[in-house]
Each structure stands twice: as C-alpha cells, then as structure tokens.
Amino acid sequence: MKPIKTKIYLSFIAILLVIGILNAKALNLPESNQSKPQLHQVSMAAPDVLVFTVQSQWVEHGKQVPYEKQAGDEISIQIMHRFIKRNGKTIGALVGSEGKIMFTPDKLVGDTLDILVAMKKDSYTVKEKDTEKRIEIQQVYRKSKPVDCVRAPGLEGFQMEHHLILKLSKPLETGKTYTVSFKEKLLSQIESTFTFDSKKLFSEAVHINQVGFRGDDPSKLAFLSFWMGDGGNLSYPADKTFSLIDVKTGNVAFSGKTRLLKNANYDGNKTKADIFELDFSGFTTKGNYRVSVEGVGCSYPFEISDDAWKNAFVKSMRGLYCQRSGIELGPPYTNFIRPRSFHPADGVKVYISEPVKPGEDPSIRILTPEQKAVLLTYKPSRGGFQNLQKNLTNQILPNAWGGYMDAGDFDRRPDHALLPMFLFDLAEMFPATYSKWNFNIPESKDNIPDLVNEALWEVDFLRRLQQADGSVYGGINSGEHPRRGECSWQESLPIMVFGRTREVAYHYTAISARAALWFKNNQSPEISKGYMESALKAFEWAEKGIGPAVDERMGINRGLAAAELYRLTGDEKFNTIFIANTRFSKPDAIFYTSHSGANADPGGEAGWTYLLTKHAGVNKEIQQNIMNSLIRSADQDIEKCAESDFHYSGGKMRELWWSALSSPGSHVLCRAHYLTGKKEYLAAIVNSALTGAGANPVNMCYVTGVGSNYPQHPLHEDAYNSNQKVYEGITVGGPIDPLHPKHTNSKKIMQRLYPEGKIWPATESYYDVFIYPPMNEFTVHQTMQSTSFVWGYLAGRK
C-alpha cells in the first residue's frame, strides 16, 4: 500500500499522546508513586459478609513514538510482527511501511497483593466508628482474576482484581458507620469508613439489567446470588424483602419478596450459588432506580422509560457505524479518532487472490517487486492466510473498499454478507419508528432511514466487488492478523480480496434483492431497479453449471437467494427453486439448525422470507410448515429461557461459549411475537436480554459504553494501538464455561485465577483481558448483530 506521509503520521502520534494522558486520568490509573494495591470498592454481600475489591499492579500500555534507527538495530520477524532489538533487548515493534514509527512495549507497574497477609484475619480490624467496639472476623475468603494484561514479547503480567470476603461474627447494623483498618503495607489505604445502608451501599450480589426497561415490558426481573470463591455459595434466607429505590429521592417506590429460582446444587446451575429472582413486572412508573435487598445492598442504577431499549439500541448501531472500513472517524459523529483506512484514494492497493483458472494469462501470477518485498516481511501462520498468499496475483481490483471490519482486526469477511438482512427486517417491521430515529451518522441528513443506510453499507460494499459477469468477490483481507502496534490506516501487510464463490454470490443476491424490495416499497423505483438487476446478475452467475444434484449446503444458500428474488419479483421460477431447496417441505423441520446468536442460518432466513411472501403462487402448505416450525421453536425457547440461571436463551444444556451470555440470541422469539403479538413471547425476549445487559454475577453489561459497568479492554487493535478508549456499542464474546473443551488457549490467564480456573462458575468466568479472543473479541455478524437485532426489536415495537 502507499503509505500516508510521515508528517501526518507523526502529527497523529502527538494527538495519540494527548489521548493517552486523558484516558489514563479517566481510567483512574495510579500515580507513579502509588505502587501498593488499592482499595477499589467496599460492599456487602450479606449483613455479616463484607467484601473488599482490591486491584494490584497496573499496565502502562505501549504507545507509538518516532523511531530513529541506530547502528546495530535488528528487526526480528515473528509471524507478522516486526520487533526491534537494540543491544539484545526488544525496544518496540516497527509500525507502518516507512519504518519511522515504533510501538513501545507494555509495562507492568506497582506491587502485587501480599496474599498470605491478605488472607489472615488479623490483617483487618472492623469496628463501629469512634468506638472501640470491634467485630470479630471469623474467616477470610478470596476470589481473584486478571482484568488487564501486558502485551509485550518475552514479558508476562496481569493487573489483578481481588475480592477479599470477610465473614463477620455478627451482622452489621443498618444506619451505623464502620471503620475498617488494614494491616500496614497491605494496601495504599490505611483505613476505610462506610455506612451500612442496604438502600445506598452497592452489593455485588444484586444483579440488574443496566439497560433498563420500558414500562410496558411484561417482565422486569433482577437477581440475587453470590459465589464467595474459596468460600463457595453464600446462602440467603427465603422471602427476603427487596425494594426499588428512587435514585433521585431515595424513597421506596416498590417492594416485593425474593423467590428461589435455583439452589446451588440444582442440575444445570452454572453459577455455583443459590439464585433468587426479584420480580417487579407490574411496576411501570418511569424513573431511575436501584434494586435494594434488605440487609444486603443495592444494584447499579437502571431506568424505566419509553427510551430505555432505544438508547441502548442506538449505541449498538453506533458501534456498527464505527466498524465501517474506508471512512474517517471523529467528531461530530464519534469521539474516537481514526484516519480513513483501506481506501484506494489514499494509494491502497487491493490485489486479487484466487485459485488458478483454466486458460488464464500466466503473467498475472508474476508478482511485482513491491509485492515480493512485502511478502518477505511476514510468514503466514495458517491455512487461510497461506492460501491468500499462495493464490496472489499482480492484478489490482479497483474501487475495492468499504464493508465492516470484522472484529478487533481489519478484515471484511464473507460471513458478513447476511448482516443487512436483520437490519432490513427491523426496518420492515417498524417503518414508522425507524424512519424517525437518528443515529448521528453522515447519512442522517438524507431521506433514507439511518437503519437502512447502515444495512446498505454492506450491500454497497459487495456491489462494488461485483464483476461484469455477475460474480462477487467475498471480501477483503490482509495477509495476516494485524502487526503489533499497527493501526488500520497504517497497514503494511499485503491486502487481498477473498475469491468468488457461489455461496458469496447467493448471499449477495439475497441482500441486494432485499435492498431492492425496500426501495420498491418506499417509492424509489429507479434505485430498486439497480439493486434488482445486480441481484439477478449475481444469481445467474451462481447458477452456471448447477446440475440437478446440488449439495445440501449450497442448496440452502440457493434457496435463500431464490426466496428473496421470488418475494421481490413474483417470478415463479424462483418459487420453484426455493421449494426444491427448502427443508420446510417437511412438517417437522427445525426453524434454525443452530442457535440464532451465532452465524445466521440461511435456511431459516429463507423460510422467514417465504413466510412473509404474498404472491398468489406461494405454496400454502410450506408456509404453514414454516409458521408451525417458528412457533414450535419459540415455545421451546420460552422453556429454555425459564430453565437457565438468569433466563438467558438456550437453556441449561446450552454450551456456554462464545456469545452465549453476552448477546440475546432470541431472534425466533422476536419473529413469533411479531406475527402473533403473544405476551409470553415478548416476556421471554426481555428475559433473554437480561444477562448480557448486566443481570449476571459479574454485574457487567457486555456491550461497551452501555450501563454503569462494561468491558474496558476488548480486543480492538485500533483502540489498543492508538491508546484510545474503545467506542460504544461493541458486544464482546462474554463468559465461557472453564470446562468447555475449546477453553484451552487461556493457560496464562487460568494460572492467575483463584480458586483455580476450572472450578469457577461458568456465568462468572469473564476476565476483561485483551489477549483472550473468545471472551473479549467480537464480530459484527455474530455478537453485535444478535444484540442489535433483539434490542432493536424491543425498542422498535409498538
């Protein structure tokens, strides 16, 4: 690629230095002379259980600085990274094509917590303030986990968060003030004073959806549970009183009784603690509240308002906007600063990479000197990257830009192609609502709803990749994962397009046809015609060579494309193709073959499209099969939500892996409610969204920028390498069952956990650490899509 000029690079570094200073202050990083562990929070879990949250050691993240090469400097290539060694020591990583910028290594500063001292009862003194009435400490329990990490070659280190849990000899008294003194040198603080008032004092044991609720949400729940680490389950008596406390006045707005949902030993309990349900579904008064449990404490604040789900949904869509490739980010649309990345107008070259075709000109395989030089600077690590390099040509694909960056890295993958379908769905379901909502994006001033403009961003990207014969390149990828310290606009690896396949062509057909349908239904026939013609060309290309025997996977994708074209055009040939390729010819067909929080299921999406089709030639029997399948699946989802710990979707037997607890995954329920209006479906949708929105043992909303507590260190290369706080709207992978067979590449993290990692509750096994992708990365078409669709449904419904 053609590099941005060095002066622009270096001036941007100056901006990043300022951003780094501001972010350090915002994140309350310790002053350099404060090295001792710090008391982060004092809370209660029960009247006789006191909890100290302590953080020890801090990560000083690396930053981009000018690099001046000195005699003897060596560049060590490790896969794609280019580490600079000086006098045998790694001083940073080389950034960009010009080699004039270096990213410095992270550093771990501060002292570790003295665990032996921290676990001794005599390290603490608890007494009533201004008296000598001491309260005996019977036991000290602990649970510890990493919350940030050093990312530097040859170095390891984690910022740790310790929960020190003191079991007292007697309960504290409401309204009294207590002083806790700490043994000398244990913490930076000598003592801490607090007043025990369960209506004001935060408790980790009280879990609430931090997004909030609409007044007409048919289900409004909070939860009570606490796992004490090596102390195990904290039991609570049944029928404790809970209250909603008005944040503004401090008054009790509602009271109820806790109900045991699951005990700690219940089969399928993934929390390893008793779980109580706090039901205030009948309360509808607008306001800001906290949930208080008598003698325990209160939750983070939440709101009841008409715009609760809307506010969260808009943030999720703004996260999607910030994932756009090929545009500059910054005010007035976002505070996140990012120069334009991967745009041909900046000299970026995107090369075609695809297998050799019969009769092709062999000269296209002769790489240019520039290409050869770049290929020497990295070593592809695995098959996908190796194939891109193996199939590389010297042909540049013009006007190849746009799409969404997949996750924390920069690739725009074929998997993203079906993302627009869910956005178009919302726009079709609630046209009056979404015609008015402003997401603060550049297109907000035009006459197309922002939701539709966001859907078109991916459609138009693939349309630019469509060739004259109708074929569509699948996306754009760099030669490897991002280099250490390198931001998207500084990419120095080769950039290539994914090859053309029938699957990509069918998927593009579907979304282009859906775009054409939206414009057709919204009095824009000329725009509709352009998308329709593009869709038909892609379909025709994919159909070339299709015989009577089509493999099942390709048939599913073919059926989706045909369903969309039939709904758009009414042409019976597409009806025939759909019927020949749908599983819904059978009355017992499953609506989704995989959980809907993961990749889109083209077969299920085809069924949904066909169900909405009104043409006279539709097969009524198949439509009824689809409807029956949808309702069966929705009814099963209600049962599964009811049996899981915090009513997350999928049930007690669901694998708690990527996105299971962070994104709702209740698409079937949304569609069943849309068609039937049944209250029980809507209640289950709300319940499915609770866990990811903060009603969980970590008390974290797994979407950045939403709620009081959300991930601080998602795997996001641009944010990390530019020392910026990541933007709002990113749904991370979330907690993972430590016994899951894929939970293996986190050995360094697991070694830092106490109690040992494999016995942590699955619902609490989340560590806000950049280096572990299954927990802290995300994707636009999986975690972000699932959250946006369900939140968008809850927000947009009448």
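Residues numbered from 1 in each chain as written. Predicted model: local features only at pLDDT ≥ 70, side-chain atom pairs only at ≥ 80, totals over all residues. Heavy atoms only, no water.

Caption draft 1: Quick peek at the overall build of the protein chain. In terms of regular secondary structure, the protein chain is built from 20 helices and 28 strands. Over its C-alpha atoms the protein chain spans a radius of gyration of 28 Å, differing by no more than 12% from the 28 Å that the globule rule assigns to 798 residues. In terms of principal-axis extent, the alpha carbons of the protein chain reach across some 90 × 75 × 45 Å. Across the protein chain, the fraction of contacts at a sequence separation of at least 24, relative to all contacts at a separation of at least 6, is 72%. Split by element, the accessible area of the protein chain, about 31200 Å² in all, is 51% carbon and sulfur. (Helix = DSSP H or I, 4+ residues; strand = E, 2+ residues; numbered from the N terminus. Rg over C-alpha atoms; globule rule 2.2 N^0.38 Å. Contact = heavy atoms within 4.5 Å. Areas by Shrake-Rupley, 256 points an atom, 1.4 Å probe, with all protein chains shown as cover.)

Caption draft 2: The arrangement of the packing of helix α8 (residues 450-464) against helix α10 (residues 525-543) in detail. The N-to-C vectors of α8 and α10 enclose an angle of 55°; their axes lie 12 Å apart at closest approach. The angle between α8 and α10 falls in the class oblique. Considering only the axes of α8 and α10, their crossing is left-handed. On the side of α8, the interface is formed by L456, V459, D460 and R463, while α10 contributes G530, Y531 and S534. Partitioning the contact of α8 with α10 into residue classes produces 3 nonpolar, 2 polar and 2 charged. (Axes fitted to C-alpha atoms, helices over the stretch in contact; angles between N-to-C directions. Parallel < 35°, antiparallel > 145°, perpendicular 65-115°, else oblique. Left-handed = near helix turned anticlockwise from the far one by under 90°. Nonpolar A, V, L, I, M, F, W, Y, C, P; charged D, E, K, R; others polar.)

Caption draft 3: Focus on the environment of V95. Mapped onto the elements, V95 comes out in strand β7 (residues 89-95). Judged by its relative accessible area of 0%, V95 is buried. Each C-alpha atom of the pair V95 and D230 lies 45 Å from the other, and the pair is 135 residues apart in sequence. Ignoring any residue separated from it by four or fewer positions in sequence, one finds V95 in contact with Q64, R82, K100, I101, M102, F103, R484, G485, E486 and Q490. (Buried < 20%, exposed > 50% of the residue type's maximum accessible area, 1.4 Å probe, protein only.)

Caption draft 4: Focus on the pattern of salt bridges. Applying the stated criterion across every chain yields a total of 35 salt bridges. One salt bridge in this structure joins R318 and E728, with 3.2 Å as the shortest N-O distance. Here R318, found in helix α3 (residues 308-322), pairs with E728, found in the loop between α17 (717-721) and α18 (747-750); they are 410 residues apart in sequence, far enough to count as distant. Among the residues examined, R318 registers a relative accessible area of 10% and is labelled buried. Judged by its relative accessible area of 26%, E728 is partly exposed. Salt-bridge contacts for D411 lead to R413; the nearest nitrogen and oxygen are separated by 3.3 Å. Look at D411 and you get buried, because its relative accessible area is 9%. Each member of the salt-bridge network shares a partner with another, and the members are D425, E428, R514, E564, R567, E605 and R671. (Salt bridge = Lys/Arg side-chain N within 4 Å of Asp/Glu carboxyl O.)

Caption draft 5: Spatial organisation of the packing of helix α6 (residues 419-429) against helix α9 (residues 502-521). Two numbers describe how α6 lies on α9: the axes approach to 10 Å, and their chain directions differ by 20°. Compared by their axis directions, α6 and α9 come out roughly parallel. The two elements α6 and α9 meet at a crossing, and its hand is left-handed. Residues P420, M421, F424, D425, A427 and E428 of α6 form the contact with α9, whose own contacting residues are A510, I511, R514, A515, L517 and W518.

Caption draft 6: View of the sheet that holds strand β28 (residues 495-497). Taking strand neighbours across the sheet as the criterion, the 4 strands line up as β26-β25-β28-β27 in an open arrangement whose pairing is mixed. Two strands bound the open sheet, and with one partner strand each, they are β26 (392-396) and β27 (476-478). Each strand axis lies, on average, 40° off the axis of its neighbour in the sheet, ignoring direction. Taken together, the 3 bridges between β27 and β28 define a ladder with antiparallel strand orientation. By the bridge assignment, N477 is partnered in β28 with M496. Contacts from helix α5 (residues 383-390) reach β25 (350-353), β26, β27 and β28, with the element oriented near 100° to β27. (Pairing = 2+ DSSP bridges.)

Caption draft 7: Representation of the nonpolar core. Formed by 185 residues in total, the largest nonpolar core has its most connected members in Y236, F280, V291, F313 and W791. The element that contributes the greatest number of residues to this core is α9, accounting for 12 residues. Apart from the residues lying within four places of it in its own chain, the contact partners of F280 are I208, F213, K220, L221, A222, F242, L244, F254, V291 and F302. If you look at the next biggest cluster of nonpolar residues, it comprises 26 residues, including L50, V117, L187 and F194. (Core = buried A, V, L, I, M, F, W, Y, C linked by side-chain atoms within 4.5 Å.)

Caption draft 8: The sheet that holds strand β21 (residues 275-279), seen in detail. Ordered in space as β16-β17-β21-β20, the 4 strands form an open sheet in which the pairing is antiparallel. Edge positions in the sheet fall to β16 (206-207) and β20 (259-262), since each has one partner strand and no second. In this structure, β20 lies alongside β21, joined through 3 bridges in antiparallel fashion. Across the sheet, the residue bridging to R259 is E277, located in β21.

Caption draft 9: Focus on the packing of aromatic side chains. Per the counting criterion, the structure on display carries 40 aromatic pairs. Where F519 meets Y531, the ring centres are 5.7 Å apart and the plane angle is 5°; that geometry is what we call stacked. Of this pair, F519 sits in helix α9 while Y531 sits in helix α10, and the two are 12 residues apart along the sequence. There is no split in this pair, since F519 and Y531 are both buried. Summarising the aromatic geometry, the rings of F591 and Y592 are spaced 5.1 Å apart at their centres and angled 75° between planes, so their arrangement reads as edge-to-face. Each of the two residues, F591 as well as Y592, counts as buried. (Phe/Tyr/Trp six-rings, centres within 6.5 Å; stacked < 30°, edge-to-face > 60°.)

Caption draft 10: Region of interest: helix α13 (residues 602-611). Judged by how many residues are buried, α13 sits mostly within the fold: 10 of 10 residues are covered. If you check which residues of α13 are buried, you get P602, G603, G604, E605, A606, G607, W608, T609, Y610 and L611. Residues of α13 that are buried make contact with α6, α9, α11 (552-569), α12 (572-581), α14 (620-643) and α15 (667-676). By the N-cap criterion, in which a side-chain oxygen at the helix start approaches the backbone nitrogen of a residue two or three places on, α13 is capped by D601, the distance to G603 being 3.0 Å. (Polar contact = N/O pair within 3.5 Å; in protein donor to acceptor, adjacent residues only side chain to side chain.)

Caption draft 11: Just unusual backbone geometry, in detail. With an omega dihedral of 5°, the bond running from P331 to P332 counts as a cis peptide bond. Topologically, P332 is positioned in the loop between α3 and β25. A cis amide bond links Y754 to the next residue, P755, at an omega of -10°. Tracing the backbone shows P755 in the loop between α18 and α19 (773-776). Non-glycine residue D239 carries a positive phi angle of around 60°. Within the secondary structure, D239 is located in the loop between β17 (221-224) and β18 (241-246).

Caption draft 12: Fine view of the environment of I77. You can see I77 is positioned in strand β5 (residues 74-78). Among the residues examined, I77 registers a relative accessible area of 31% and is labelled partly exposed. When the C-alpha atoms of I77 and V314 are compared, they prove to be 42 Å apart, with 237 residues separating the residues in sequence. Not counting residues up to four positions away in its chain, the partners in contact with I77 are L376, T377 and Y378.

Caption draft 13: Main features of the state of the cysteines. Inspection of every chain in the model, using the stated rule, returns 0 disulfides. C701 supplies the cysteine sulfur nearest to C298, a cysteine that is in no disulfide, at a spacing of 18 Å. Distance from the sulfur of C322, which forms no disulfide, to the nearest cysteine sulfur (C487) is 15 Å. What makes C322 buried here is its relative accessible area of 2%. (Disulfide = S-S within 2.5 Å.)

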